[in-house]
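Read off the chains here:
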Amino acid sequence: MRTNDVPVLQGGYAPVYEENVFDDLKVIGEIPSDLNGMYVRNGPNPRFVEEGRYHWFDGDGMLHSVLFEGGKVQYRNRWVMTDSLKEELGAGRSLWRGIKEPPRRDRPDMPIKNTSNTDVKFHNGKLVTMWYLGGDLYESDPYSLETTGKKPIDSRIAPLPVSAHSRVDERTNEFLFFAYGKEAPYMHYGVIGADGSLKHLIPVALPGPRLPHDMAITEHYTILHDFPLFHDQDALAAGRHKLKFHSELPSRFAVAPRYGSVDQIRWFEAKPTYMYHVSNAWEEVNARGETEIVMTGTPFRLSRDRDGNIEADKVTRQATNLEHDFIFYEWRFNLATGQTYERVIDDIVNTEFPIVNSWMQGYKTRYSWNVLMGRNRVPEQPRFCGLTRFDLQTGTVQAYNGGVDFWYSEAPFAPRDNWKHEDDGYLVGFVWNGTEQRSEVHVFDASNVGQGPVCRILLPKRVPHGFHATWVSKPRLLAELG
Ligand SMILES: [Fe+2]
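A brief structural summary. It should be emphasised that the depicted structure is a prediction, and the values quoted were computed from it without experimental measurement. The residue numbering used here restarts from 1 in each chain and proceeds along that chain's sequence as written. In keeping with the predicted nature of the model, local features appear solely for residues at pLDDT of at least 70, side-chain atom pairs appear and are counted solely at 80 or more, and the whole-chain, interface and lining totals rest on all residues.

Here's the deal with the overall build of the chain
- Strands are runs of DSSP state E lasting at least two residues, helices are runs of H or I lasting at least four, and both sets are numbered from the N terminus onward. Helix and strand content of the chain: four helices and 33 strands.
- In summary, the chain has a C-alpha radius of gyration of 21 Å against a globular reference of 23 Å for 482 residues, a match within 12%.
- C-alpha atoms of the chain, sized along the principal axes, occupy 60 × 55 × 50 Å.
- The 482 residues of the chain split such that 47% are buried.
- By the convention adopted here, residues make contact when the C-beta atoms placed from their backbones lie within 7 Å. In the chain, 57% of the contacts between residues at least 6 apart in sequence involve partners at least 24 apart. The size measure is the radius of gyration over C-alpha atoms, and the globule rule it meets is 2.2 Å times the number of residues to the 0.38 power. Put simply, a residue is buried when 20 or more other C-beta atoms lie within 10 Å of its own C-beta and exposed when 12 or fewer do; between those, it is partly exposed, and each C-beta is set from the backbone.

Pasting the structure below:
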């Protein structure tokens, strides 16, 4: 296997080839007895490394879970058994090249491999894994992590490439999704009900093929993204993928009632930027009695020249090389006036992968727990170097980092049993301890991240760096699985 010349296949990034279950793990500190549920994280773990240039986003999806119950834990990992992985296992080699290479022209059904490696959510009793470029959604059993198949979908959705960052409204158990692709109208939005059936689907016409990464929901509305970073159209016509930031174009946001028709979509414009991840969104009524949709998130810190003009080529390079430099930001979409108000919340601390108390998704939140991002030491090898806690009410931020060799992961909020207020719980995440050369699970008090982990669970095998995670509380597991 060719790994020596690829930074994101070495060290803490290197794939693992065993599927394990571990109990009786060593613990530093004490696992809180009121922390019950499941932490599960998705990420790239190539079974076969493809020919050509490898990108961190290319690897086959692998789930890593930690089940917490009564102060005990169990770790487990398993590949997402996608159609593409099955094909490659059958062939005994890689059959697709990565996103840095041209797509397969002989496979119009899957020109780029759907690895299902990006995101994971819990819906209708299953873990649902998703891929950021859009495709079939896969389901896994939450306890065994065995892939049970694809999410049953309506024939109207079947041809649509459903993106990562579909969102589950825990209060209604609806699964809200967007799909995007290279064919007009370029985006769709829909809702799958608690029973798994399609309740709503509308086209969302974009000016061309775009690269939206996330969406946001409020109690009554959904917000969809059209940022001016997308594929160079000439290159795309020639069958190549080449990003381009269009600083002359605005950012655009579609605000639609959750079950709104195409006619009810309201488009709002804002300053050009690009953003992967939303922190939260909610509805507010301002002093004039007007309803505003508020959305927070972590867009790029845009490179600018001495006159303040955006350096589009540098922004493009920042995205291409995974040079992660972000700010924390707020947009307000005024439904009465059609105007957008936007502001920087924080441009001092570089953070991404924002997390809120998921029960409060869609409602006004005070806290956002984001991953602290460090400057890359090696090109294309992003560093997740700590965790933070933003308090939007006081305008303060806490940060924690265990040392220069520690590497963190998106750490979802895990409410303690019978939680009472927004930050009444924990953050749970994998950590690569480079000093001891081992993976650990760190549990933080969500109300005081700055004090460091309240307990550390030591893992006998490494967990490669990865992408998105979710927490499924015990009541949710029991409600849907018994
Ligand atoms: Fe993402």
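Okay, back to it.
A closer look at the environment of Phe 253
- Summarising the element assignment, Phe 253 is placed in strand β18 (residues 251-257).
- C-alpha of Phe 253 to C-alpha of Ala 216: the two residues are 37 residues apart in sequence and 10 Å apart in space.
- Apart from residues lying up to four places away in sequence, Phe 253 is in contact with Ile 223, His 225, Phe 268, Ala 270, Trp 331 and Phe 333.

Considering the pairing of strand β4 (residues 62-69)
- With seven of eight residues buried, β4 is to be regarded as a mostly interior element.
- Pairing between two strands is assigned when DSSP locates at least 2 bridges connecting them. Across five bridges, strand β3 (residues 37-41) lies against β4 in antiparallel orientation. Each bridged residue has a counterpart across the sheet, and for Tyr 39 the counterpart in β4 is Val 66.
- Pairing geometry for β4 and strand β5 (residues 72-79), over eight bridges, is antiparallel. Among the inter-strand pairings, His 64 is bridged to a residue of β5, identified as Asn 77.
- Between the end of β4 and the start of β5, which pair antiparallel, lie two residues, with Gly 70 showing a positive phi angle near 55 degrees.

All quantities given are derived from atomic positions and should not be read as evidence of function.
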